[in-house]
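Architecture and fold: a report
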Amino acid sequence: MTRSTDFDATVKHGLRAAQPDLVVHALPGPQGAPPKVGLIISKSVGSAVQRHRVARRLRHVARSVLPELGSDHVVIRALPSSRDAVSARLERQLRAGLRRIRQLAGSRG
C-alpha cells in the first residue's frame, strides 16, 4: 500500500483488532484486486534502527499471510512493545487479528 488515501480509508472505515504488539485494520478491497498491506510504525516504537527492524519483521510476516487476504486492504500499526517481539510472535498476533476481523465481518453482515 503506497497511497495515503488507501491508508486513510482502511484505518477510518475498516474493522480493527487490537493485539498486544500491533493493531490490525482491514477493509475489503475491489473484487478481484490483489491484496494491499501497509505498515504504520511511529516514533514511539523507538529509534530509526528499531523502527526499521520492526518494519522488516512485519513485512516478512505479512508476506506469509498474503494468500489468505483475498482482495482485502490491511494496515498493520506497530505498538511500542513490538520492538521487543520476535517474528513468530508478530505472525501469531497478525493471524489472530485477521481471524478476529473475519469474525467481526461475519457478525456485521
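I will try to describe carefully the structure that is included in this document. Bear in mind the structure is a predicted one, so any value in this text is a computation, not a measurement.

The rules behind the values
Residues numbered from 1 in each chain as written. Predicted model: local features only at pLDDT ≥ 70, side-chain atom pairs only at ≥ 80, totals over all residues. Heavy atoms only, no water. Core = buried A, V, L, I, M, F, W, Y, C linked by side-chain atoms within 4.5 Å. Buried < 20%, exposed > 50% of the residue type's maximum accessible area, 1.4 Å probe, protein only. Helix = DSSP H or I, 4+ residues; strand = E, 2+ residues; numbered from the N terminus. Contact = heavy atoms within 4.5 Å. Arc of directions from axis to C-beta. Pairing = 2+ DSSP bridges. Axes fitted to C-alpha atoms, helices over the stretch in contact; angles between N-to-C directions.

Leu22, Val24, Leu58, Val74, Ile76, Leu94 and Leu98 are the most contacted members of the largest nonpolar core, which totals 20 residues. Sorting the residues of this core by element identifies strand S1 (15–18), strand S2 (22–27), helix H2 (48–65), strand S4 (73–78) and helix H3 (87–108) as the ones contributing at least two each. Non-local contacts of Ile76, meaning those with residues more than four positions away in its chain, are made with Leu22, Val23, Val37, Gly38, Leu39, Ile40, Leu58, Ala62 and Leu94.

Of the positions making up helix H1 (residues 4–13), those classed as buried are Asp6, Phe7 and Thr10. All buried residues of H1 lie within an arc of 100 degrees about the axis, which places them on one face of the element. With respect to the buried face of H1, the exposed residues turned more than 90 degrees away are Lys12 and His13. As for H1, its buried residues are in contact with S2, strand S3 (36–41) and S4.

Spatially, S1-S2-S4-S3 is the arrangement adopted by the 4 strands of the open sheet, whose pairing is mixed. Unpaired on one side and paired on the other, S1 and S3 mark the two borders of the sheet. Going across the sheet, the axis of each strand differs from the next one's by a mean of 15 degrees, ignoring polarity. Looking at chain direction, S1 and S2 are connected through 4 bridges and run antiparallel. From the neighbouring strand, Ala17 faces S2, where its bridge partner is Val24. Most of the contacts of H1 go to S4, to which it runs at about 80 degrees, and overall it touches S1, S2, S3 and S4.

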